[in-house]
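Understanding the architecture of this molecule
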Amino acid sequence: MNSRIILAACLAIAAQTTFGQVETTRKSTKRIKVPNAQSTTEGKSVNPDRPMPLKPAQFITEWSLPSSELKFNALPYAYNALEPVIDSKTVEIHYDKHHRGYYTNFMNAIKGTELEKMPISRIFANITSQSDAVRNNAGGFFNHVLYWQNMSPDGGGAPSGELAEAINKAFGDFQTFTTKFSDAGKSRFGSGWAWLAIDLNTGELFITSTPNQDNPLMNNVERRGIPILALDVWEHAYYLNYQNKRADYITAFWTKVNWPDVEAKYKGYKALREEYKK
């Protein structure tokens, strides 16, 4: 099926769901105003080029751009909005130093190359042919966008609708799913990520973990898929509050999961599997 038709159908589905109160303009060059995304002050997030996309439609079109056009986006909430689960200082350092650094280094790594014209999903699909600088920094940039979007000050609870049905089908029930996902994060040796993803071949949900800044879209993983829920288990994500108690951080993470965001990604991206398989 023509990829434009697939994308149009996906955007139509996604447009039915709204996350937060977001003011958009008809021109993509204008800013989207997001509550709590304010200028840099104590406990507040910065507001650089344009805010992080909050709707699945915006998320999908963001990653369809040539990589050189990707922007480092503002957090959709204040630095202190995830407390007490994740403290303000950790969010500030994690976002403004680590995440921003991955973005900057990614832009530098692709500058002047054909990768500037390539969507990041295509870079991931051929990651074994890329340099370590591209692999680590493209992954670090992309992974953290999902991570921030997957959390909300009003998060927690359990998913509903199609996502809940898919989780029950794949794992038996929600409790079994959260246990297996948590175990994937706890057992990841050293630094890395735990993921809930949509299998590129079957469309089924599966849980996996990756080292460093790898993700399920990369062609170096055992099972490729489109990630819809990301958990960062690098120590910089939790050490100020939890020190070596990664398990406590993972338990607390569930109280901030933004299930409407995860469900919207599930609905949108399952229609794009064929495009992402290329």
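Here is a short report on the structure shown in this document.

Basis of the calculations
Residues numbered from 1 in each chain as written. Predicted model: local features only at pLDDT ≥ 70, side-chain atom pairs only at ≥ 80, totals over all residues. Heavy atoms only, no water. Core = buried A, V, L, I, M, F, W, Y, C linked by side-chain atoms within 4.5 Å. Buried < 20%, exposed > 50% of the residue type's maximum accessible area, 1.4 Å probe, protein only. Helix = DSSP H or I, 4+ residues; strand = E, 2+ residues; numbered from the N terminus. Contact = heavy atoms within 4.5 Å. Expected span 1.5 Å × (residues − 1). Arc of directions from axis to C-beta. Pairing = 2+ DSSP bridges. Axes fitted to C-alpha atoms, helices over the stretch in contact; angles between N-to-C directions.

This paragraph deals with the nonpolar core. Grouped together as the largest cluster of nonpolar side chains are 69 residues, with contacts concentrated most on Leu205 and Leu229. Looking at this core, the element that brings in the most residues is helix α5 (residues 132–149), giving eight residues. Not counting residues up to four positions away in its chain, the partners in contact with leucine 229 are Asn150, Phe177, Phe181, Ala194, Trp195, Leu196, Phe253, Trp254, Val257, Trp259 and Val262.

Here we take up helix α7 (residues 174–187). Here α7 spans 20 Å end to end across 14 residues, near enough to the 20 Å set by a 1.5 Å rise per residue. All of the buried residues along α7 are Phe177, Thr178, Phe181, Ser182, Ala184 and Gly185. Taken end-on, α7 shows its buried residues confined to a sector of 155 degrees, consistent with a single buried face. The exposed residues of α7 that point more than 90 degrees off its buried face are Gln175 and Ser187.

Another point: the sheet that holds strand β3 (residues 192–199). One open sheet holds the three strands; their spatial order is β4-β3-β5, and the pairing between them is antiparallel. In the strand order of this sheet, the two ends are held by β4 (205–211) and β5 (225–232), each with one partner. Each neighbouring strand pair of the sheet contributes to a mean axis angle of 30 degrees, computed without reference to strand direction. The pairing of β3 with β4 spans seven bridges and is classified as antiparallel.

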